[in-house]
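# Structural features, examined
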Amino acid sequence: MNAITLSTTKPSVNDAVNDLKEQCGDFKPKMLLFFASSGYEPGSLAGAMKDAFGDLPVFGCTTAGEIGNGSLLKGSIVAMALNDRIIEDLKVGVVRDLSNPEGIRTVFSEFESYYGQPMTELDFTKYVGIILIDGLSGAEERTMDRIGDLTNLLFVGGSAGDDLRFASTYVFADGKAYTNAAVLALLKPATEFDLIKTQSFIAMDTTLLPTKVNEEAREVLEFNGKPASVAYAEALGVSPDDLAAHFMQHPVGLLAGDDIFVRSPRQVSGESVFFYCNVKEGVDLAVLESTDIVADTRAAVQEKLQKLGGISALINFNCILRTLDLEDRGLSAAYGSLFSDIPAIGFSTYGEEYIGHINQTATMLVFH
Amino acid sequence: MIETIIRERANGNPVLENTTRTKLVIKGFNPDKYTATSEDDPAKIAELKVIAKDMGITL
């Protein structure tokens, strides 16, 4: 066993961390990744994790629910310890202020010094990144954009949550809890690895063209030259008053070849539609129709299982909207069980990261 | 310009070509929507120049 999963629901920080440490036993991790309910005081948790695991690279974030033990959990901490048979090397960096456009470059300079090669020259088949980012910062798009500008390496991850309180989210590294920040980990796996990006939607024949947007506010004022909520409702054949009730099953998506990058509407305000991520003016969006999350995710995981010939560790960044949809349909247990035979942890995110910032998607990092 | 950006970043690697295309789609430039005969839009060209610069590409 080269990766072990740990979990605890003990309510106090110290008891919870001691429980995790005990579960780790004699296992010798190279890194430890953890996802914690926002019910744990972030600063205390970060410090206690460092105290418990010493100089080991330990990083993580707060969640809107955890994934572990083949279940969707709440109010817990889940962790994964990976040894040097999976992780040959890693370097963790923190972007401490997401409003600073040079923050990514600073962390990348640390990576370059550590690995002795420019980020533009590191081989994307040998290195992979994890990103955990403040889920209330609204900075995910420009952060992922900048990462994509500066390297060909792929960073996969999620936006930290806070159990749907929408007050503050945290990322953890170096024994500290940070807000308005991102933790980046650049891994050099010792084994084969791959990424999964799965969303359960198909594109309908209808498209919406954003003709007036406030990009920073993630607001669309007009689609197709009409008030946004009116045009969206027309596209679905529903009344504008009922539009929001159809958002979960009918978000919109950017089409990149055969792939869909989902943009999920959040609310109607006046005649505007607000989204959970940026929408670009003048870029067509396909209206989407939901399919079966459990079946689609099972197929995506099985495909990687067959390709890699086995999965020794899986990290799942699963959108909170998927989690809520699964709960509504009574499918949480069925979804969790997809991961019961694999060492897997994850969390319900406020957004997923893969090339860009996306919604209603699960992004996963898998190791052979 | 779009094809130059893709070519420079991908350096002949089809996986990187696909990734770079996706990055451009997310930035608002779907390569499939532009051809050599597409009308030159000065604002779009200016945006592409900024993207190329951000990506470290000399056009």
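Numbers given to residues run from 1 along each chain, matching the order in which its sequence is written. The order in which chains are written sets their letters, starting at A; the order in which ligands are written sets their numbers, starting at 1. Two thresholds apply to this predicted model, a pLDDT of at least 70 for residue-level local features and 80 or more for giving and counting side-chain atom pairs, whereas whole-chain, interface and lining totals are computed over all residues. Values shown for side chains rest on all heavy atoms present in the structure; no hydrogens or waters enter the calculation.

What follows is about the sheet that holds strand S14 (residues 201–208) of chain A. Judged by pairing direction, the sheet is antiparallel, and its four strands sit side by side in the order S14-S22-S18-S19 (chain A) without closing on themselves. Both edges of this open sheet fall to S14 and strand S19 (259–263) of chain A, since each of them pairs with a single strand only. Adjacent strand axes in the sheet meet at a mean angle of 45° when their direction is disregarded. We call two residues in contact whenever any of their non-hydrogen atoms come within 4.5 Å of each other. Axes, fitted as lines to C-alpha atoms, cover a helix only where it is in contact. Angles between the N-to-C directions of the axes lie from 0 to 180 degrees. Only DSSP runs of H or I with at least four residues qualify as helices, and only runs of E with at least two residues qualify as strands; both kinds are numbered from the N terminus onward. Here helix H5 (residues 228–236) of chain A sits on the sheet in contact with S14, strand S18 (252–256) and strand S22 (285–290) of chain A, set at roughly 125° to S14 of chain A. Docked against the sheet, helix H2 (residues 14–27) of chain B engages S18 and S19 of chain A, running at close to 140° with respect to S18 of chain A. Paired strands are those between which DSSP finds at least two bridges.

Turning to the packing of aromatic side chains, a few remarks are in order. All names here are of chain A. Working definition: a ring pair exists when centres of Phe, Tyr or Trp rings (six-membered ring for Trp) sit within 6.5 Å. Plane angles under 30 degrees give stacked, over 60 give edge-to-face, the rest tilted. What the rule picks out here adds up to 14 aromatic pairs over all chains. With a centroid separation of 5.1 Å and 15° between ring planes, the pair formed by phenylalanine 34 and phenylalanine 172 is classed as stacked. Of the two residues, phenylalanine 34 is situated in strand S2 (residues 31–37) and phenylalanine 172 in strand S10 (residues 171–173); the sequence distance between them amounts to 138 residues. We call a residue buried when its accessible area falls under 20% of the maximum for its residue type, exposed when it is over 50%, and partly exposed in between, using a 1.4 Å probe and counting protein chains only. Residue classification places phenylalanine 34 among the buried positions, given a relative accessible area of 1%. Among the residues examined, phenylalanine 172 registers a relative accessible area of 1% and is labelled buried. Each ring, one from tyrosine 115 and one from tyrosine 127, has its centre 5.1 Å from the other, and the planes form 80°; the classification is edge-to-face. A residue pair is termed long-range when its members are at least 10 positions apart, and tyrosine 115 in helix H3 (residues 103–115) and tyrosine 127 in the loop between H3 and strand S8 (128–133) qualify at 12 residues. We note that tyrosine 115, like tyrosine 127, is buried. Linked through ring pairs, Phe223, Tyr232, Phe247 and Phe275 together constitute an aromatic cluster.

Our next topic: the packing of H3 of chain A against helix H4 (residues 140–150) of chain A. Residues and elements named next belong to chain A. Here H3 crosses H4 at 45°, and the two axes come no closer than 10 Å. By the angle between their axes, H3 is oblique relative to H4. When you trace H3 past H4, the crossing you get is right-handed. Contacts between H3 and H4 pair Ile104, Arg105 and Phe108 from the former with Thr143, Arg146, Ile147 and Leu150 from the latter. Looking at the contact of H3 with H4, its residues break down into four nonpolar, one polar and two charged. Oblique is the label for every angle not falling under 35 degrees (roughly parallel), over 145 degrees (roughly antiparallel), or within 65 to 115 degrees (roughly perpendicular). Put simply, a crossing is left-handed when the front helix is turned counterclockwise from the back one by less than a right angle, and right-handed when it is turned clockwise. Any residue outside Ala, Val, Leu, Ile, Met, Phe, Trp, Tyr, Cys, Pro, Asp, Glu, Lys and Arg is labelled polar, Gly included; the first ten of those are nonpolar and the last four are charged.

Below, the discussion takes up the interface of chain A and chain B. At the interface, 19 residues of chain A touch 15 residues of chain B. Note: buried area is the sum, over both parts, of the accessible area (probe 1.4 Å) each one loses when the two are combined. Interface area, chain A with chain B, both sides summed: about 1600 Å², of which 56% is carbon and sulfur. Note on definitions: salt bridges are taken to be side-chain nitrogens of Lys or Arg within 4 Å of carboxyl oxygens of Asp or Glu. On inspection of chain A and its partner chain B, the count reaches two salt bridges. A salt bridge links aspartate 145 of chain A to lysine 27 of chain B, with the shortest nitrogen-to-oxygen separation between them at 3.3 Å. Between N or O atoms, a polar contact is any pair within 3.5 Å; within protein, one atom must be a potential hydrogen donor and the other a potential acceptor, and residues adjacent in sequence are included only when both atoms are from side chains. Joining chain A to chain B, the criterion identifies eight residue pairs in polar contact (both at pLDDT 80 or more).

The next thing to look at is the side chain of threonine 169 of chain A. In this fold, threonine 169 of chain A is placed in the loop between strand S9 (155–159) and S10. Within the local environment of threonine 169 of chain A, its side chain forms a polar contact with the backbone nitrogen of glycine 135 of chain A, the two atoms lying 2.9 Å apart.

On to the environment of alanine 177 of chain A, then. Residue and element names in this part refer to chain A. Inspection of the secondary structure assignment puts alanine 177 in strand S11 (residues 176–178). The class of alanine 177 is partly exposed, set by a relative accessible area of 27%. Ignoring sequence-local partners within four residues, the contact set of alanine 177 consists of Pro42, Gly43, Ala46, Tyr170, Val171 and Phe172.

Taken as a whole and assessed by the stated rule, the structure comprises 20 salt bridges over all chains. What you see here is one network of salt bridges that share partners, running through Asp145, Arg146 and Asp149 of chain A together with Lys27 of chain B.

Residues annotated in UniProt with the feature "domain: FIST C-domain" (unreviewed entry) correspond here to residues 228–356 of chain A. Within residues 228–356 of chain A, the helical portion is 31% and the strand portion 33%, while the C-alpha atoms at the span's ends are 24 Å from each other. UniProt positions are given in the numbering used here, feature names are shortened, and annotations may be inferred rather than shown by experiment.

Residues and elements named next belong to chain A. As far as domains go, chain A holds domain 1 (3–198 + 293–367) and domain 2 (201–290). A straight line from the C-alpha centre of domain 1 to that of domain 2 covers 29 Å. Of the roughly 1300 Å² buried at the junction of domain 1 and domain 2 (both faces included), carbon and sulfur atoms supply 43%. Together, Glu141, Asn359 and Gln360 form the three largest contributors to the area buried by domain 1 at its contact with domain 2, with a combined 40%. The domain boundaries here were taken from an automatic or database domain assignment.

A word on the pairing of S8 of chain A. Residue and element names in this part refer to chain A. In terms of burial, S8 is largely enclosed, as six of its six residues are buried. Side-chain alternation along S8 places Val128, Ile130 and Leu132 on one buried face and Gly129, Ile131 and Ile133 on a second face that is also buried. Across six bridges, S8 lies against strand S12 (residues 182–189) in antiparallel orientation. In the sheet register, glycine 129 faces S12, and the bridge partner there is leucine 186. As judged from the five bridges shared by S8 and S9, these two strands associate in the parallel manner. In the sheet register, isoleucine 133 faces S9, and the bridge partner there is serine 159. Read from S8 through H4 to S9, the crossover connection turns out right-handed. Orient the strands so they point away from the viewer, and a crossover whose first-strand-to-second-strand path over the helix runs clockwise is right-handed.

The next subject is the packing of helix H1 (residues 2–10) of chain B against H2 of chain B. Residues and elements named next belong to chain B. One can describe the packing of H1 onto H2 by two numbers: an axis separation of 8 Å at closest approach and a directional angle of 135°. By the angle between their directions, the pair H1 and H2 is classed as oblique. For the pair H1 and H2, the crossing hand works out as right-handed. In this structure, H1 uses Ile2, Glu3, Ile5, Ile6, Arg9 and Ala10 to contact H2, whose residues at the interface are Leu16, Glu17, Thr20, Arg21, Lys23 and Leu24. For the contact of H1 with H2, a count of residues per class yields six nonpolar, one polar and five charged.

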